[in-house]
Amino acid sequence: MKVLYVGNSYTSVNNLPQLITDLALSTSDTIFHDQSTLGGARFLTHTANAGTQAKIKADEWDYVVLQAQSQEPSFPDASVEVDLFPYAKELCDSIRSNHDCSQALFYMTWGRENGDADNCGFFEPLCTYEGMDSMLNLRYRLMAEMNTADLSPVGAVWRYLRENHPEIQLYSGDGSHPAFAGSYAAACAFYTLILQKDPSLIADDKGIPEATAIAIRMAAKVVAFDQLEMWRQADVLPNSEFSFELDSLEVSFQAVTETADSYLWDFGDGNFSNEPTVSHAYPAPTNGEAQTYICSLTVTTCGVSSSSQLNVIVAYDDGNMEGTALADRSDVQWDLHPNPASEKLLLSNLVDLDFTLSIYNSKGQLFITMENPQEIDLSDFAKGIYFFRLKENKGSAEFTKRILVD
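Note that the structure is predicted; figures quoted are calculated from it, not measured.

Asks: How do you make sense of the state of the cysteines when you look at a structure like this?
Replies: By definition, a disulfide is the covalent link that joins the sulfur atoms of two cysteine residues. By the definition in use, this model includes two disulfides. Bridging Cys-101 to Cys-302, the disulfide has an S-S length of 2.0 Å. With the S-S dihedral at roughly -85°, the linkage between Cys-101 and Cys-302 falls on the left-handed side. Pair noted here: Cys-101 is in the loop between helix 6 (85-98) and strand 4 (103-107) and Cys-302 is in the loop between strand 11 (291-301) and strand 12 (304-317), with a separation of 201 residues, a long-range link. Along the chain, the cysteines that take part in disulfide bonds pair up as 1-4, 2-3, counted in sequence order.

This is the structure:
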């Protein structure tokens, strides 16, 4: 793995990049890293810094970690919308323009030990740790969502430790920067997100008392690993939908996505193709009996794959062989809104469609199934990512949408 760290002293104190690399080595994983960690730097600073931009362009990074100035993401909406969000997007755009498969990984930091006294007067949430930390959590989740980026929930791990292990000293003397145990907690969260592995596997305490190190690793497991899908936005499945046209036994297929790394058509009759656009002639039916073939397209981008399929029926019609399809997915245009959602979800553009909606949690476990809902009450939904899968009851159209319940 190749990881670039872009941030400031919250990243450079206790040499967090090397600490993450050391923890990875304890489980036989190798991370090559570099960093641009300028004291007090904001995202605005890094967008204009030639050194940071040169490092982004220096390699095909698997991840580029983005850590904002420690207070800025907790400021009022009017401030972050002007001074933070645009520069987060600019950095993400720069990362992806250098290498399509690089993933931005935001570094969720933590509230100051006793809140931000310097800014308490103009924004009340900053007056306490809980208020400041909640604002940081929200803004980093928004930045990850808006930029389809991953998020390392370091601040959430710290909060878990503060609530469950208050004896662990996470802060240095200034009540802001991390003590070594705080950096160790951050490293365990990053280990989980970068390698997508259980941090309880880590076999290096880095000189911390064993019981403390175990408690920190378990906190990272509960918050980061056990809810991994909540923090990973970047691995969005590529669009594998396709259109088709029929001409007797020949079917012309067109992938919706034209810029994937690879395509694999399986026509269901033992024939395959790797082109985004292809025509295929199905064999004539024998003995006058209809034959059903399952045609599928698998699209792969940056190592992530997605598949869609369609039933193709080849049969006689008035003595002439024809190919017909059960359903055209392009006939159904549906939407779920708002996203993120907190109280209810509305489904639109589903008039006269008979369908089943299956809802899965972030671990892929079926949460609930509904028939033809137009509105969904979210009061029984825990916060997190859910996958809403719609399937026609009288056809083969199938769609999946990803929704954040906040």
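Asks: Help me out: how do you make sense of the packing of aromatic side chains in this one?
Replies: Centre-to-centre distance and the angle between the planes together describe a pair of aromatic rings. Evaluation of the coordinates by the stated rule reveals 18 aromatic pairs. Judged by centre distance (5.8 Å) and plane angle (75°), the rings of Phe-242 and Phe-253 are edge-to-face. One end of the pair, Phe-242, is in strand 6 (residues 242-247); the other, Phe-253, is in strand 7 (residues 250-255), with eleven residues separating them in the sequence. Since its relative accessible area comes to 1%, Phe-253 is described here as buried. Both rings, one in Trp-265 and one in Phe-267, keep their centres 6.4 Å apart while their planes meet at 5°; by these two values the pair is stacked. These aromatic residues form a ring-pair network of at least three members: Tyr-5, Tyr-10, Tyr-107, Trp-110, Trp-158, Tyr-171 and Phe-190. A cation sits over an aromatic face here: Arg-162 above Tyr-129, 3.4 Å from the ring centre.

Asks: Before we go on, may I ask you to explain the sheet that holds strand 2 (residues 32-37) in this structure?
Replies: Each strand in a sheet pairs with another by means of backbone hydrogen bonds, the pair being arranged parallel or else antiparallel. Strand order in the open sheet made by the five strands is 2-1-3-4-5, with parallel pairing throughout. Looking at which strands have only one partner, the edges of the open sheet turn out to be strand 2 and strand 5 (150-152). Adjacent strand axes in the sheet meet at a mean angle of 20°, parallel and antiparallel pairs treated alike. Where strand 3 (residues 63-66) lies against strand 4, four bridges are found, and the strand directions are parallel. If you follow Tyr-63 over to strand 4, its bridge partner there is Gln-103.

Asks: Where do I start with the packing of helix 7 (residues 129-146) against helix 8 (residues 154-164) in this structure?
Replies: How two helices pack is summed up by the angle between their axes together with the distance between the axes. Packing of helix 7 against helix 8 leaves a shortest axis separation of 10 Å and a crossing angle of 150°. It follows from the interaxial angle that helix 7 and helix 8 lie roughly antiparallel. Both helix 7 and helix 8 take part in a crossing whose hand is left-handed. Contacts between helix 7 and helix 8 pair Tyr-129, Glu-130, Asp-133, Ser-134 and Asn-137 from the former with Gly-155, Ala-156, Trp-158, Arg-159 and Arg-162 from the latter. Here the contact of helix 7 with helix 8 is composed, by residue class, of three nonpolar, three polar and four charged.

Asks: What should I look at first to understand empty space enclosed by the protein in this one?
Replies: Empty space among the atoms becomes apparent when a probe as large as a water molecule is rolled across them. Counted under the stated rule, the structure contains two cavities of 30 Å³ or more. Each pocket or cavity is described by its volume, and for the largest cavity that value is around 60 Å³. Lining the largest cavity are Arg-141, Ala-144, Glu-145, Leu-151, Met-230, Trp-231, Gln-233 and Leu-404. Mapped by element, the contributors of at least two residues to the lining of the largest cavity are helix 7 and helix 11 (228-231). If one sorts the elements of the lining of the largest cavity by residue count, helix 7 sits on top with three residues. Here the lining of the largest cavity is built from residues that sort into five nonpolar, one polar and two charged. If you trace the second largest cavity, you find it lined by Leu-138, Arg-141, Leu-142, Glu-145, Pro-340, Leu-404 and Asp-406. For the lining of the second largest cavity, the leading source of residues is helix 7, giving four residues. Its residues placed into classes, the lining of the second largest cavity shows four nonpolar, no polar and three charged.

Parameters and conventions
- Residues numbered from 1 in each chain as written.
- Predicted model: local features only at pLDDT ≥ 70, side-chain atom pairs only at ≥ 80, totals over all residues.
- Heavy atoms only, no water.
- Disulfide = S-S within 2.5 Å.
- Helix = DSSP H or I, 4+ residues; strand = E, 2+ residues; numbered from the N terminus.
- Phe/Tyr/Trp six-rings, centres within 6.5 Å; stacked < 30°, edge-to-face > 60°.
- Buried < 20%, exposed > 50% of the residue type's maximum accessible area, 1.4 Å probe, protein only.
- Lys NZ or Arg CZ within 6 Å of the ring centre and 35° of its normal.
- Pairing = 2+ DSSP bridges.
- Axes fitted to C-alpha atoms, helices over the stretch in contact; angles between N-to-C directions.
- Parallel < 35°, antiparallel > 145°, perpendicular 65-115°, else oblique.
- Left-handed = near helix turned anticlockwise from the far one by under 90°.
- Contact = heavy atoms within 4.5 Å.
- Nonpolar A, V, L, I, M, F, W, Y, C, P; charged D, E, K, R; others polar.
- 1 Å grid on protein atoms, 1.4 Å probe; cavity = no way out; pocket = protein on both sides within 12 Å on 5 of 7 lines; lining within 4 Å.
- Points joined across faces, edges and corners; volume = space filled by probe spheres on them.

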